[in-house]
Amino acid sequence: MSICVFLAVLCAALLHASWNALVKVSADRLVLLAVLKVTTTLVAVASIPFITIPPIEAWPYLAASVVIHTAYFLFLTIAYRFGDLSQVYPLSRGAAPLIVAGLAVFILGETLGQQAYVSLLLISLGIMSLIFSEKGAIGQPKAVMAALATACFIAGYTVADGAGARLSADAHSYILWLNVFNGIPIILIAAVLRRRQLVPQVKRVWKMGALSAIVSLAAYWIVLWASTQAPLALVAAVREASMVFAVFFGVVFLKEKLNLRKVLSVFVTLTGTALLRVSK
């Protein structure tokens, strides 16, 4: 991987952690995500004349991904309601590859090498450290449960999108069509739950929501470009540096508590995730 690609992927990791930080600090996280998805939907719709339609075999996976993404957005807002960015983000992002690996082994019958099992052990230790407080009890239990649920949905749409993109003639086309429909459920949910408060809340958060959309799209396209310039496993591994950025944002800007246990937890989880990515 060249230094240019490496720095670009680090930038993508920074951007990904940044839009999560914006969601965390938002006055209304649900409405902000709705604004985010309106923005990405408009971009995807504008791209329709220039992209192909995925084959019919890919549409069930696309539909499943829309449902899973909706659950992901909802549980992400719940997790950030009850927990710190520096706990929720590493926990949800770190647990996701662990769940994907488990699905691959126990459901799909895939085999993993020795390095992969070491990676899974490191991730497990790191996640367990993030779950428990210094006194041994579960720290912020509602946040932990929501973050783990979020990780499950991340793993779910990762598997669905991976299968759907493979069945499509063009992965770019699949992702754009996914974004055409992906935001509709969360937009409707926000409209129903907020009702009369929707317009005032949109006025409060639309700038931050639009910024979040631009940042998330930029992060995605950088990773997509980097995947054409370097091995996918290396790109994915470097991208996990977003955990470090999330902890940095949480501690420096949100004044969240930082201790040695949290630092070691993130380091171990990050190391395990990077090794798992490279071992594939």
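First, a word on what this report is: a plain description of the structure on this page. (Residues numbered from 1 in each chain as written. Predicted model: local features only at pLDDT ≥ 70, side-chain atom pairs only at ≥ 80, totals over all residues. Heavy atoms only, no water.)

A closer look at the packing of aromatic side chains
- For the coordinates displayed, the defined rule picks out ten aromatic pairs.
- Ring centres 6.0 Å apart and planes at 70° place the aromatic pair W59 and F181 in the edge-to-face group. Note that W59 is positioned in helix α3 (residues 59-82) and F181 in helix α7 (residues 171-182), a separation of 122 residues in sequence.
- Given a relative accessible area of 27%, W59 falls into the partly exposed group.
- Judged by relative accessible area, F181 falls into the partly exposed class, the value being 30%. (Phe/Tyr/Trp six-rings, centres within 6.5 Å; stacked < 30°, edge-to-face > 60°. Helix = DSSP H or I, 4+ residues; strand = E, 2+ residues; numbered from the N terminus. Buried < 20%, exposed > 50% of the residue type's maximum accessible area, 1.4 Å probe, protein only.)

Section: helix α2 (residues 29-47)
- An ideal rise of 1.5 Å per residue puts 27 Å on 19 residues; α2 measures up with 27 Å between its terminal C-alpha atoms.
- Here α2 has its buried residues at L30, V31, L32, L33, A34, V35, L36, K37, T40, T41, A44 and S47.
- Elements in contact with the buried residues of α2: α1 (3-25), α3, α7, α8 (184-194) and α9 (198-227).
- In this structure D28 caps α2, since a side-chain oxygen of it lies 3.3 Å from the backbone nitrogen of L30. (Expected span 1.5 Å × (residues − 1). Contact = heavy atoms within 4.5 Å. Polar contact = N/O pair within 3.5 Å; in protein donor to acceptor, adjacent residues only side chain to side chain.)

So, the pattern of salt bridges
- For the coordinates displayed, the defined rule picks out one salt bridge.
- For D28, the salt bridge identified is with R194, shortest N-O distance 2.6 Å. Of the two residues, D28 is situated in the loop between α1 and α2 and R194 in helix α8; the sequence distance between them amounts to 166 residues.
- Judged by relative accessible area, which is 5%, D28 ranks as buried.
- The exposure class of R194 is partly exposed, given its relative accessible area of 23%. (Salt bridge = Lys/Arg side-chain N within 4 Å of Asp/Glu carboxyl O.)

As for the packing of α2 against α9
- Interaxial distance between α2 and α9 falls to 6 Å at its minimum, and their mutual angle equals 55°. Taken together, the axis directions place α2 and α9 in an arrangement best described as oblique. Considering the relative orientation of α2 and α9, their crossing is right-handed. Residues V31, L32, V35, L36, T39, T40 and V43 of α2 lie in contact with α9, whose contacting residues are L198, Q201, V202, V205, W206, M208, G209, A210, S212, A213, S216 and L217.
- Residue composition of the contact of α2 with α9, grouped by class: 13 nonpolar, six polar and no charged. (Axes fitted to C-alpha atoms, helices over the stretch in contact; angles between N-to-C directions. Parallel < 35°, antiparallel > 145°, perpendicular 65-115°, else oblique. Left-handed = near helix turned anticlockwise from the far one by under 90°. Nonpolar A, V, L, I, M, F, W, Y, C, P; charged D, E, K, R; others polar.)

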